[in-house]
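Chain by chain, the residues:
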Amino acid sequence: MIVVTGATGNVGQELVRILVEAGEQVTAVSRRPAQLPDGVRHLQADLAESQSLRTALDGAEALFLLVAGDDPQGILDLAEAGGVRRVVLLSSQGVGTRPEVYRHPAAFEDAVRRSGLEWTILRSGGLNSNAFAWAETIRTQRTAAAPFGDVGLPTVDPADVAEVAATVLRESGHAGRTYDLTGPAPVTPQQRAEAIGDALGTPVRFVEQTRAEARAQMLTFMPEPVVEGTLAILGRPLPAEQEVSSAVERILGRAPRTVADWAARTAPAFR
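Residues numbered from 1 in each chain as written. Predicted model: local features only at pLDDT ≥ 70, side-chain atom pairs only at ≥ 80, totals over all residues. Heavy atoms only, no water.

Q: Describe the overall build of the protein chain, listing the residues and the values that go with them.
A: When its secondary structure is counted, the protein chain shows 13 helices and nine strands. On C-alpha atoms alone, the protein chain measures out to a radius of gyration of 19 Å, which is about the 18 Å that the 2.2 N^0.38 rule sets for 271 residues. Dimensions of the protein chain along its principal axes, counting C-alpha atoms only, are 50 × 40 × 35 Å. Taking all 271 residues of the protein chain together, the buried fraction comes to 49%. Sequence-distant contacts, at least 24 apart, represent 71% of the contacts inside the protein chain between residues at least 6 apart. The average position of the 26 basic charges and that of the 33 acidic charges among the side chains of the protein chain differ by 1 Å. (Helix = DSSP H or I, 4+ residues; strand = E, 2+ residues; numbered from the N terminus. Rg over C-alpha atoms; globule rule 2.2 N^0.38 Å. Buried < 20%, exposed > 50% of the residue type's maximum accessible area, 1.4 Å probe, protein only. Contact = heavy atoms within 4.5 Å. Lys, Arg positive; Asp, Glu negative; His and termini not counted. Charge placed at Lys NZ, Arg CZ, Asp CG, Glu CD.)

Below is the structure:
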């Protein structure tokens, strides 16, 4: 059995689908009720309360783990006690490029490496699905606002992250590896807005935010250190943050999906 935490998220929901279609027995864990494929066992639990995962982990062989809560060691101890032998952690590219800012996922990575389990760490770049933050303004005004409109980053399709996760959860040869996951090319916020407009068949106007405007908006749902780190990446990315990784292609045997692919698939969310 494979346990998938964050099973209702942009990566987790797709991961559950892929695993079920591959014939795996899956336990999906989320904080809220979820609509899942037939045959999937669902348990409501909160990673911030590690003991709430005990039932989900009992009898499991593998665990897909998100960075959430503050007790990675507690979760991993429960996983080992429940029979888990393989853990795949979804972390952030920022752990490698800006460890002074991304201390929370770094703590999870350290705990996973020390766990004694067979581990793989996936360091995701920015997800294309972050553009869902534009859904309301695109639906109502056909506009998308963001700072640093001409700065490109190789954002990644969450479906590619999920497919990589499914592969390393099910196949050997990935133990002790850390993979950076990106899309096929750097794409600017303006280009992402254009891709959504193309998918809709109608132009989406891009509105350039000031750094201060973007910061104020981000502070409503993100801690200040993470906001500052995110703005630094968006506005002045390091060369490593603009580099296209080969990991998706090496693991999946195909090129990563483009932003246009993602926009075409998710266009109904913006209509």
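Q: Break down the nonpolar core for me, with residues and values.
A: Formed by 30 residues in total, the largest nonpolar core has its most connected members in V4, L15 and F64. Elements with a contribution of two residues or more to this core: β1 (2–5), α1 (12–21), β2 (26–30), β4 (62–66), β5 (86–92), α7 (158–170), β8 (177–181) and α12 (247–252). In this view, V4 contacts G12, L15, V16, L19, V26, T27, A28, V29 and F64; residues no more than four positions away in its chain are not counted. Ranked by size, the runner-up nonpolar core spans 24 residues in total, among them A56, A79, L89 and L117. (Core = buried A, V, L, I, M, F, W, Y, C linked by side-chain atoms within 4.5 Å.)

Q: Tell me about the environment of I233, residues and numbers included.
A: Along the chain, I233 falls in helix α10 (residues 224–235). Using a relative accessible area of 14% as the deciding quantity, one classes I233 as buried. A C-alpha to C-alpha distance of 30 Å links I233 and L169, two positions 64 residues apart in sequence. Once residues lying within four places of it in the same chain are set aside, the contact partners of I233 are R98, Y102, L153 and E241.

Q: Got a sec to walk through the pattern of salt bridges? Specific residues and values, please.
A: This structure, assessed with the given rule, holds 16 salt bridges. Residue E24 is joined to R170 by a salt bridge in which the shortest nitrogen-to-oxygen separation is 2.8 Å. In this pair, E24 is assigned in the loop between α1 and β2 and R170 in helix α7, connecting sequence segments 146 residues apart. Residue classification places E24 among the partly exposed positions, given a relative accessible area of 29%. Judged by its relative accessible area of 40%, R170 is partly exposed. (Salt bridge = Lys/Arg side-chain N within 4 Å of Asp/Glu carboxyl O.)

Q: Kindly report on unusual backbone geometry, identifying the contributing residues and their values.
A: A positive phi angle is found at R142, which is not glycine, with a value near 55°. Tracing the sequence through the fold places R142 in the loop between α6 (135–141) and β7 (143–147). Backbone geometry places F148, a non-glycine residue, at a positive phi of 55°. When you line up the elements, F148 lands in the loop between β7 and α7.

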